[in-house]
Amino acid sequence: MPFRSDAAILVEDSDMPEWRIGTEEMIILGYRCLRATAFYCGREWVVWFTYEIPVAAGPWKLCNLPGLILRAEDGTGDYIFECEALQHDKSLIRKYEWHYTRMKKNAWLAFEKRMYTAPFSLFGENTLIISGKKGGRLDDTWTIPYNPIELE
């Protein structure tokens, strides 16, 4: 997590998108995909999934379809995920043990917003932050453009 030395784990209900599966088709990486749409976390999503890979997964929290999502785009075009390659790999999946700070969703969203709208306050006043673009030291007026993937 940026600006922190500890890791956080988000504790939230596992709500899933409620998809409307259409009939429009597209070929992605040689797989026949169908279009599906849903309103989820404050955004309208259009995804393309394939029955040929019967895994109910996709990027971010987009899941709950009868096949793998190979492309996803929100209604504004701010977020686009597209699978560029698939391969079979026999490598083991590593599981790391972290010491987590547990956060509720509303606490995480508030923290995330603060990371962007007031990043200087997360570093502390005694930290020197240099920016080549601003030509020197950053202060408490410094912000980062904020466009969260979850709007609600």
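Caption draft 1: Looking closely at the overall build of the protein chain. Along its length, the protein chain carries two helices and nine strands. Each helix and strand of the protein chain, ordered N terminal to C terminal, gives the series β-β-β-β-β-β-β-α-α-β-β. For the protein chain, buried positions account for 30% of its 152 residues. Put simply, the protein chain shows about 10,700 Å² of open surface, and 52% of that area lies on carbon and sulfur atoms.

Caption draft 2: Quick peek at the environment of Trp48. By the secondary structure assignment, Trp48 is in strand E4 (residues 43–50). We classify Trp48 as buried; its relative accessible area is 7%. In contact with Trp48, other than residues within four places in its own chain, are Glu24, Glu25, Met26, Ile28, Cys33, Leu34, Arg35, Leu68, Ile69, Leu70 and Arg71.

Caption draft 3: Quick peek at helix H1 (residues 105–117). For H1, spanning 13 residues, the distance from its first C-alpha to its last is 18 Å, which sits close to the expected 18 Å at 1.5 Å a residue. For H1, every residue scored as buried is listed here: Lys105, Phe111, Glu112 and Met115. Buried residues of H1, viewed axially, fall in a sector of 125°; they line one side.

Caption draft 4: Looking closely at the pattern of salt bridges. Inspection of every chain in the model, using the stated rule, returns nine salt bridges. In this structure, Glu73 and Arg71 form a salt bridge, with 2.9 Å as the shortest nitrogen-oxygen distance. On the accessibility criterion, Glu73 (26% relative accessible area) is partly exposed. Residue Arg71 is classed as buried on the basis of its relative accessible area, which comes to 17%. The closest approach of N and O atoms between Arg71 and Glu82, which form a salt bridge, is 2.8 Å. Here Arg71 is found in strand E5 (residues 68–74), whereas its partner Glu82 is found in strand E6 (residues 80–82), with 11 residues between them in sequence. A network of salt bridges, in which partner residues are shared, links Arg43, Asp74 and Asp78.

Cut-offs used in this document
- Residues numbered from 1 in each chain as written.
- Predicted model: local features only at pLDDT ≥ 70, side-chain atom pairs only at ≥ 80, totals over all residues.
- Heavy atoms only, no water.
- Helix = DSSP H or I, 4+ residues; strand = E, 2+ residues; numbered from the N terminus.
- Buried < 20%, exposed > 50% of the residue type's maximum accessible area, 1.4 Å probe, protein only.
- Areas by Shrake-Rupley, 256 points an atom, 1.4 Å probe, with all protein chains shown as cover.
- Contact = heavy atoms within 4.5 Å.
- Expected span 1.5 Å × (residues − 1).
- Arc of directions from axis to C-beta.
- Salt bridge = Lys/Arg side-chain N within 4 Å of Asp/Glu carboxyl O.

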